[in-house]
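Read off the chains here:
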Amino acid sequence: NPPPLSLSLSLSLSRAMVAGTEDQSCEEIRTLLKALNNRRTSSKEKLRRLKAFRTYLEPDKSNSTPLFYDDDIRELFLDDADEDETASGLLRICSERSRQNRHQLTKVALDTLQLIHFL
């Protein structure tokens, strides 16, 4: 016997919500990495994007957290999705040297490390 219509509709809606969450997670990662890897983006904007991403990760009122594909996590930390030499994930960004003083890290390095610790 096929499942009742209400049950099958409920299952398909929950699958669609999960898929939508994972797609949104992928977009959030790409938006974050695009801002962090763009040399024209100000440090203030990069810090704002890091904060927005962390806010996205925190549980909502229903205590649910966003879902990610395995490839999304790899892209977040390593950003090997593109063959672009200038692109980098969180691990490389937190160790990037400042252009003004080669003996210091960039302004967003500490905040990137804090995001990694949060994850």
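These remarks concern the structure in this document. (Residues numbered from 1 in each chain as written. Predicted model: local features only at pLDDT ≥ 70, side-chain atom pairs only at ≥ 80, totals over all residues. Heavy atoms only, no water.)

**Some thoughts on the pattern of salt bridges**
Counted under the stated rule, the structure contains 4 salt bridges. Between glutamate 75 and arginine 30 there is a salt bridge, with its nearest N and O atoms 3.5 Å apart. Here glutamate 75, found in helix H3 (residues 70-78), pairs with arginine 30, found in helix H1 (residues 5-37); they are 45 residues apart in sequence, far enough to count as distant. For glutamate 75, a relative accessible area of 8% puts it in the buried group. Of the residues examined, arginine 30 reaches a relative accessible area of 41% and is grouped as partly exposed. Taking the shortest distance from any N to any O, the salt bridge between glutamate 58 and arginine 54 comes out at 3.9 Å. Assessed through its relative accessible area of 32%, arginine 54 is described here as partly exposed. (Salt bridge = Lys/Arg side-chain N within 4 Å of Asp/Glu carboxyl O. Helix = DSSP H or I, 4+ residues; strand = E, 2+ residues; numbered from the N terminus. Buried < 20%, exposed > 50% of the residue type's maximum accessible area, 1.4 Å probe, protein only.)

**Structural notes on the packing of helix H2 (residues 43-57) against helix H5 (residues 109-118)**
The contact between H2 and H5 brings their axes to 10 Å, and the two run at 10°. One way to sum up the angle between H2 and H5 is to call them roughly parallel. Note on element contacts: H5 touches H2 through Asp111, Thr112, Gln114, Leu115 and Phe118, opposite Leu47, Leu50, Phe53, Arg54 and Leu57. (Axes fitted to C-alpha atoms, helices over the stretch in contact; angles between N-to-C directions. Parallel < 35°, antiparallel > 145°, perpendicular 65-115°, else oblique. Contact = heavy atoms within 4.5 Å.)

**Description of H2**
Its 15 residues give H2 an end-to-end C-alpha distance of 21 Å, which sits within 8% of 21 Å, the value for a rise of 1.5 Å per residue. Inspection of H2 places Lys46, Arg49, Leu50, Phe53, Tyr56 and Leu57 among the buried residues, and these make up the whole buried set. Axial view of H2: buried residues confined to an arc of 120°, hence all on one face. Those residues of H2 that are exposed and angled more than 90 degrees off the buried face are Lys44 and Lys51. (Expected span 1.5 Å × (residues − 1). Arc of directions from axis to C-beta.)

**What to know about the packing of aromatic side chains**
As enumerated under the stated definition, the model contains 1 aromatic pair in all. Between the aromatic rings of phenylalanine 53 and tyrosine 56, the centroid separation amounts to 6.4 Å while the plane-to-plane angle is 35°, which identifies the pairing as tilted. Taken as a pair, phenylalanine 53 and tyrosine 56 lie in helix H2 at a separation of 3 residues, close to a single helical turn. For the residue pair phenylalanine 53 and tyrosine 56, the accessibility class agrees, reading buried in each case. (Phe/Tyr/Trp six-rings, centres within 6.5 Å; stacked < 30°, edge-to-face > 60°.)

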